[in-house]
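Fold and contact review
The chain contents come next:
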There are 2 protein chains.
Amino acid sequence: MKGPNPDLNTLKKIFILQDLQEAELAKVWGASVPREFREGSVIMAEGEPGEKMYFLLEGEVEVTKRLLLPIDKTALLERIMNRQLSKDGVTLGEMALIENDVRSANVTASTDCRMLELSKENSLRLFNENPAMGVKILFRLSQLLSQRLRKSDGDIIKLTTALVVALER
Amino acid sequence: MKGPNPDLNTLKKIFILQDLQEAELAKVWGASVPREFREGSVIMAEGEPGEKMYFLLEGEVEVTKRLLLPIDKTALLERIMNRQLSKDGVTLGEMALIENDVRSANVTASTDCRMLELSKENSLRLFNENPAMGVKILFRLSQLLSQRLRKSDGDIIKLTTALVVALER
């Protein structure tokens, strides 16, 4: 199914894999399973348990979270957090994998998507058997999470400011 | 200054160091410098460059961020993000270290504090020389950042909801 020619050039563009040598990329490829998702299909559902992470090789996904208030009593308002494109070297689902927690957001395929799926078990095995590679991946993963946290904390400051202004009107 | 008896039992309580063996904790201790901060002193200032991270061994700190709007034209409102206690196994300043970015928040000592300071250079050297230890630390660091991100994203949902309600009044 994976064929003799692993797509290492595409894998190299994944942000958290950017420091790996070709032989290391081949190990990640070997430990993963190719997956395809059709346009419109749900890749992850917020609140569900998740034991797999995905590298987005081709396509586009939409990441959303539910807001707390019902609109019209029929639909929950969803906040579109962002669109993620394969050219951005996106990893999906890594939070649930690291934390043993449920999925933190919904991810839907906005186009047909080609992904590589890596289970928690296989990723831990990769890190244990190749710790130097593990350091490279986990350092970039920490960097990615740190950047996202910085952005979220910035959004909190903006929203808090807007709320103070709205309440003072 | 560090003396013959490194405080490995205290170091073991730091969240991101919890998986280390005693010999590994001793390496972290050996690569670090003990620091003391008096009550009220500024440990980190938001927006400043930072190349060091700190393990809080004893004491309590307050983490704050500036809001965007001036209050009374004299003071910027500060948002108290949280209080961190040494018993919680706190690491400070790890985001700037991972990201080559400026400090994301202010950290002030609310009591006299005893810390261990680890430079970026020394932490990278530790990870390279001891990759199996690096994997343990970076996996827990990813977990920590992931938990904080989950909390921040939850706060964004609450604030967005409150703002929608406030604007609809």
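About the cut-offs
- Residues numbered from 1 in each chain as written.
- Chains lettered and ligands numbered in written order.
- Predicted model: local features only at pLDDT ≥ 70, side-chain atom pairs only at ≥ 80, totals over all residues.
- Heavy atoms only, no water.
- Core = buried A, V, L, I, M, F, W, Y, C linked by side-chain atoms within 4.5 Å.
- Buried < 20%, exposed > 50% of the residue type's maximum accessible area, 1.4 Å probe, protein only.
- Contact = heavy atoms within 4.5 Å.
- Buried area = accessible area lost by both parts, 1.4 Å probe.
- Salt bridge = Lys/Arg side-chain N within 4 Å of Asp/Glu carboxyl O.
- Helix = DSSP H or I, 4+ residues; strand = E, 2+ residues; numbered from the N terminus.
- Nonpolar A, V, L, I, M, F, W, Y, C, P; charged D, E, K, R; others polar.
- 1 Å grid on protein atoms, 1.4 Å probe; cavity = no way out; pocket = protein on both sides within 12 Å on 5 of 7 lines; lining within 4 Å.
- Points joined across faces, edges and corners; volume = space filled by probe spheres on them.
- Pairing = 2+ DSSP bridges.
- Phe/Tyr/Trp six-rings, centres within 6.5 Å; stacked < 30°, edge-to-face > 60°.
- Lys NZ or Arg CZ within 6 Å of the ring centre and 35° of its normal.

**Points about the nonpolar core**
- L11, L17 and F55 of chain A together with L11, L17 and F55 of chain B are the most contacted members of the largest nonpolar core, which has 58 residues in total.
- The residues touching L17 of chain B, leaving out its near neighbours within four places in the chain, are L11, K12, L25, V28, F55 and I137 of chain B.

**Side note on the interface of chain B and chain A**
- Each partner contributes residues to the interface: chain B has 48 residues there, and chain A has 48 residues.
- Here chain B packs against chain A, burying approximately 4600 Å² in sum over the two surfaces, 74% of which is carbon and sulfur.
- Among the residues chain B hides against chain A, the three largest losses belong to L149, R150 and I157 of chain B. Together they make up 15% of the total.
- Counting every contact that joins chain B to chain A gives four salt bridges.
- The shortest N-O distance in the salt bridge between R150 of chain A and E99 of chain B comes to 2.9 Å.
- The leading source of residues in the side of chain B that touches chain A is helix 5 (residues 131-168) of chain B, at 30 residues.
- Among the residues making up the side of chain B that touches chain A, the classes are represented as 27 nonpolar, nine polar and 12 charged.

**So, the pattern of salt bridges**
- The tally for this structure, following the rule as stated, stands at 28 salt bridges over all chains.
- Between R83 of chain A and E62 of chain A there is a salt bridge, with its nearest N and O atoms 2.8 Å apart. Of the two residues, R83 of chain A is situated in strand 5 (residues 75-85) and E62 of chain A in strand 4 (residues 60-71); the sequence distance between them amounts to 21 residues.
- For the salt bridge of R35 of chain B with E117 of chain B, the shortest nitrogen-to-oxygen distance reads 2.5 Å. One end of the pair, R35 of chain B, is in strand 1 (residues 33-37); the other, E117 of chain B, is in strand 8 (residues 113-119), with 82 residues separating them in the sequence.
- Residue R35 of chain B is classed as partly exposed on the basis of its relative accessible area of 30%.
- On the basis of relative accessible area, E117 of chain B is assigned to the buried category, the value being 8%.
- A single salt-bridge network, built from bridges that share partners, covers D7, E58 and R114 of chain A.

**As for empty space enclosed by the protein**
- By the definition in use, this model includes one cavity of 30 Å³ or more.
- Put simply, the largest cavity is a space of about 50 Å³.
- If you go around the largest cavity, the residues you meet are I16, M53, E94, L97, I98, F127, I137, L138 and L141 of chain A together with F139 of chain B.
- Listed by contribution, the elements that provide at least two residues to the lining of the largest cavity are helix 3 (94-99) and helix 5 (131-168) of chain A.
- Split by residue class, the lining of the largest cavity holds nine nonpolar, no polar and one charged.

**Here we look at the pairing of strand 8 of chain B**
Residue and element names in this part refer to chain B.
- Counting buried positions over the seven residues of strand 8 gives six, a clear majority of the element.
- Sheet topology places strand 3 (residues 52-58) next to strand 8; six bridges connect them, and they run antiparallel. If you follow M53 over to strand 8, its bridge partner there is L118.

**Points about the sheet that holds strand 3 of chain B**
- Taken together, four strands build an open sheet; the order of strands is 1-8-3-6 (chain B) and the sheet is antiparallel. Looking at which strands have only one partner, the edges of the open sheet turn out to be strand 1 and strand 6 (91-92) of chain B.

**Description of the packing of aromatic side chains**
Residue and element names in this part refer to chain A.
- Inspection of the entire model under this criterion finds two aromatic pairs over all chains.
- Look at F37 and Y54: their rings are 5.8 Å apart centre to centre, the planes differ by 80 degrees, and that puts the pair in the edge-to-face class. Of this pair, F37 sits in strand 1 (residues 33-37) while Y54 is found in strand 3 (residues 52-58), placing the two residues 17 residues apart along the sequence.
- For F37, a relative accessible area of 9% corresponds to the buried category.
- When its relative accessible area of 6% is taken as the criterion, Y54 is described as buried.
- Here the guanidinium or amino end of R140 rests over the ring plane of F15, the centre of that ring lying 5.8 Å away.

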